[in-house]
Amino acid sequence: MDPTYSPDAEAYREKVLAFLAEHLPATWKGIGALPVDEAWAFVEEWRTVLHANGLLAASWPVEYGGGGLTELEQVILAEEFYKAGVPTGGANDTFGIQMVGNTILQWGTDEQKAHFLPRILSNEDVWCQGYSEPNAGSDLANIGCRAELDGDEWVINGQKIWTSAGHLANWIFVLARTDPDVAKHKGITFLLVPMDQPGVEVRPIKMMTGDSEFNEVFFTDARTPKAHVVGGVGNGWAVAMTLLGYERGEAAATFPIMFRTEIDRLLTLVRERGLAGDPRIRQRLAWAYSKVEIMRYLGMRTLTKYLAGGHPGPDSSIFKLYWSEYHKVVSELSVDILGADAMVPTGRWPMSAFHTDQPGAPNDSASWVGTFMVARAGTIYAGTSQVQRNIIGEMVLGLPKEPGSPRGTWRELQHQQP
Ligand SMILES: Cc1cc2nc3c(=O)[nH]c(=O)nc-3n(C[C@H](O)[C@H](O)[C@H](O)COP(=O)(O)OP(=O)(O)OC[C@H]3O[C@@H](n4cnc5c(N)ncnc54)[C@H](O)[C@@H]3O)c2cc1C
């Protein structure tokens with residue numbers, strides 16, 4: 001682990017700080033300090049600024065509109081953006097840039113790269129992720145959404161669920177079953193599907209926060225061109241795993257910053273509520289502080305490996321398990337601090353169902369109660385805690401593998417399910 005950065009890296013940090021000073025208002029306190037409507041308007045304006053300066057897809061090659069930054073520069077950019085409390089992209093860019101864009105860069109044809117990548121950055125194509133189904137979450141390879149070739153088009157029938165920001169998207173990347181008569185990991189194809197067609201229906205799911213950030217997506221004879229396969233027919237599992245690596249791997253540098261900022265807000269809340277002398281609260285705050293410090297070192301270890309050209313691999317499961325379980329506990333502490341006020345939350349709710357509330361957010365009860373609710377989801381999306389423990393047990397600790405799944409083709413296995 002090497003927690004120091006080279007002089008070159010620090011020089012790049014100065015450039016990023018100068019960029020932020022030039023483009024942010026002098027009174028900037030973090031996006032959480034803006035009323036929610038203004039904050040969303042800012043996200044869109046900021047996205048345009050990032051695009052114009054080649055910082056929206058910092059890692060992509062310049063020829064596709066990216067920044068062409070080195071790994072270290074990307075890390076520094078993300079660190080400074082998190083510290084300043086500015087977004088690194090728009091509402092669906094996690095799906096468009098980080099997930100499908102990076103995956104097309106790795107697996108796509110030249111035509112797909114030339115067509116899709118610039119359209120992601122210009123926001124013409126806004127993406128969401130069609131992986132999970134009612135019978136395929138942790139056991140993702142069990143997906144049953146079917147795609148069959150009809151001339152020059154795929155015809156898709158089936159259902160996806162928990163599709164985050166699907167109501168804002170006009171494209172969805174779909175894991176579809178194209179061959180039911182081979183083993184379940186083998187007959188899967190990764191398809192790019194336009195949503196703006198009669199065969200695609202998006203139905204919102206109401207969350208316990210009252211928002212509807214995710215959806216069910218139904219396909220009824222939906223169509224997409226034959227050429228919109230990424231990575232080859234029947235090779236969707238390998239492509240899907242590449243994409244999940246992008247989903248799980250990037251947090252090491254930025255999450256310790258995000259959670260440290262949250263602790264600072266929590267300390268203010270404790271003082272506001274007159275609880276700074278309460279030994280039970282102090283004990284729990286000390287626990288939270290030490291957990292975030294450990295997270296910082298854990299992140300540095302992952303980062304050192306990444307910057308040396310290594311792939312995070314199962315290490316990212318340790319990190320995912322660590323931060324999501326930590327966040328569940330610390331958000332419980334915030335609700336205990338609020339006491340009875342947590343039962344009637346008031347004020348500004350978090351902008352999104354992911355991670356902490358935004359830097360600069362007021363210490364309203366709604367902010368903490370909303371965070372408390374979404375923290376539970378952190379232990380589910382991008383691989384549940386139990387699944388992360390399985391990966392760590394088997395791939396890091398070398399423990400015996402789980403009992404093997406039953407053998408057979410996907411079609412045969414459907415008849416064996418309870
Ligand atoms: C906020 C949020 C956003 C999401 N966004 C998207 C999205 O945009 N697109 C998308 O495709 N999906 C999305 N998901 C879905 C997410 O990927 C799944 O919820 C997740 O993979 C778990 O699947 P499941 O919900 O079907 O639970 P299941 O897999 O049915 O798991 C149920 C329980 O069984 C446990 N379990 C399962 N298998 C094992 C095992 N082998 N060993 C031990 N325990 C096990 C799990 O840990 C869990 O506790 C989102 C989920 C959330 C919460």
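Residues numbered from 1 in each chain as written. Predicted model: local features only at pLDDT ≥ 70, side-chain atom pairs only at ≥ 80, totals over all residues. Heavy atoms only, no water.

Peer 1: Before we go on, may I ask you to explain the overall build of the protein in this structure?
Peer 2: Along the protein, the regular secondary structure elements total 12 helices and 8 strands. Since a compact globule built from 418 residues should have a radius of gyration of about 22 Å, the 22 Å found for the protein is in line with a globular shape. Its C-alpha atoms give the protein principal-axis dimensions of roughly 70 × 50 × 45 Å. Counting across all 418 residues of the protein, residues that qualify as buried make up 49%. (Helix = DSSP H or I, 4+ residues; strand = E, 2+ residues; numbered from the N terminus. Rg over C-alpha atoms; globule rule 2.2 N^0.38 Å. Buried < 20%, exposed > 50% of the residue type's maximum accessible area, 1.4 Å probe, protein only.)

Peer 1: Honestly, helix α8 (residues 279–307) in this entry has me stumped. Any pointers?
Peer 2: Working note: α-helix, 3.6 residues per turn, so residues spaced by three or four point in the same direction. The terminal C-alpha atoms of α8, which comprises 29 residues, lie 42 Å apart, in line with the 42 Å expected from a rise of 1.5 Å per residue. Within the sequence span of α8, burial applies to I281, L285, A288, V292, M295, L298, G299, M300, T302 and L303. Backbone nitrogen of R280 and a side-chain oxygen of the N-cap are separated by 2.8 Å at the start of α8; the cap is D278. The positive-phi residue at the C-terminal boundary of α8 is G309, with phi of around 95 degrees. (Expected span 1.5 Å × (residues − 1). Polar contact = N/O pair within 3.5 Å; in protein donor to acceptor, adjacent residues only side chain to side chain.)

Peer 1: Please clarify how the pattern of salt bridges should be interpreted in this entry.
Peer 2: Summed over all chains, the structure comprises 23 salt bridges. With its nearest N and O atoms 3.0 Å apart, the salt bridge here joins D139 to K184. With D139 in the loop between β1 (127–130) and β2 (146–150) and K184 in the loop between β4 (171–177) and β5 (188–194), this residue pair connects regions lying 45 residues apart in the sequence. For D139, a relative accessible area of 36% corresponds to the partly exposed category. Between D336 and R284 there is a salt bridge, with its nearest N and O atoms 2.8 Å apart. (Salt bridge = Lys/Arg side-chain N within 4 Å of Asp/Glu carboxyl O.)

Peer 1: Honestly, the nonpolar core in this entry has me stumped. Any pointers?
Peer 2: Burial of nonpolar side chains together is a common tendency in soluble globular proteins. Residues F173, F190 and L192 are the most contacted members of the largest nonpolar core, which totals 53 residues. Counting residues per element, the ones that place at least two in this core are α1 (7–23), α2 (36–52), α3 (71–84), α4 (93–107), α5 (110–121), β4, β5 and α6 (236–249). Of all hydrophobic cores here, the second largest spans 27 residues; its members include L266, M295, V335 and L338. (Core = buried A, V, L, I, M, F, W, Y, C linked by side-chain atoms within 4.5 Å.)

Peer 1: What is the right way to look at the packing of helix α7 (residues 255–272) against α8 in this model?
Peer 2: Pairs of packed helices are described in terms of their axes, by the angle between the two and the distance that separates them. Interhelical geometry of α7 versus α8 gives an angle of 165 degrees and a closest axis separation of 9 Å. One finds that α7 runs roughly antiparallel with respect to α8. Here α7 runs over α8; the crossing is left-handed. Counted together, F255, P256, F259, R260, I263, L266, L267 and V270 of α7 and I281, L285, A288, Y289, V292, M295 and R296 of α8 form the full contact between these two elements. (Axes fitted to C-alpha atoms, helices over the stretch in contact; angles between N-to-C directions. Parallel < 35°, antiparallel > 145°, perpendicular 65-115°, else oblique. Left-handed = near helix turned anticlockwise from the far one by under 90°. Contact = heavy atoms within 4.5 Å.)

Peer 1: Can you walk me through the site of the ligand in this structure?
Peer 2: The full set close to the ligand counts 18 residues, and S132, S138, W162, T384 and Q386 are the nearest of them. For the ligand, an oxygen atom lies 2.7 Å from a polar atom in the backbone of S132. Contacts to the ligand include T384, whose side-chain N or O atom sits 2.6 Å from an oxygen atom. Mapped by element, the contributors of at least two residues to the shell around the ligand are β3 (153–164) and α11 (385–396). The element that contributes the greatest number of residues to the shell around the ligand is β3, accounting for 3 residues. In terms of residue class, the shell around the ligand is made up of 8 nonpolar, 9 polar and 1 charged. (Near = heavy atom within 4 Å. Nonpolar A, V, L, I, M, F, W, Y, C, P; charged D, E, K, R; others polar.)

Peer 1: It is not clear to me how the pairing of strand β7 (residues 214–225) should be interpreted in this structure. Could you clarify?
Peer 2: Along any regular strand, the residues point their side chains to alternate faces of the sheet. When β3 meets β7, the two strands line up antiparallel, connected through 9 bridges. In the sheet register, S164 faces β7, and the bridge partner there is F214. Where strand β6 (residues 200–205) meets β7, 6 bridges bridge the pair, whose relative direction is antiparallel. Residue pairing across strands places V200 opposite F219, the latter belonging to β7. (Pairing = 2+ DSSP bridges.)

Peer 1: Please explain the packing of aromatic side chains as it appears in this structure.
Peer 2: Each aromatic ring pair is specified by the distance between its two centres and by the angle formed by the two planes. Per the counting criterion, the structure on display carries 18 aromatic pairs. Their ring planes at 55 degrees and their centres at 6.0 Å tell us that W46 and F81 sit as a pair that is tilted. Here W46, found in helix α2, pairs with F81, found in helix α3; they are 35 residues apart in sequence, far enough to count as distant. Taking the relative accessible area as the measure of exposure, W46 reaches 2% and is therefore buried. Members of the aromatic cluster, each reached through a chain of ring pairs, are F116, W127, Y131, W171, F173 and F190. The lysine or arginine in question, R296, covers the ring of Y297, its NZ or CZ lying 5.2 Å from the ring centre. (Phe/Tyr/Trp six-rings, centres within 6.5 Å; stacked < 30°, edge-to-face > 60°. Lys NZ or Arg CZ within 6 Å of the ring centre and 35° of its normal.)

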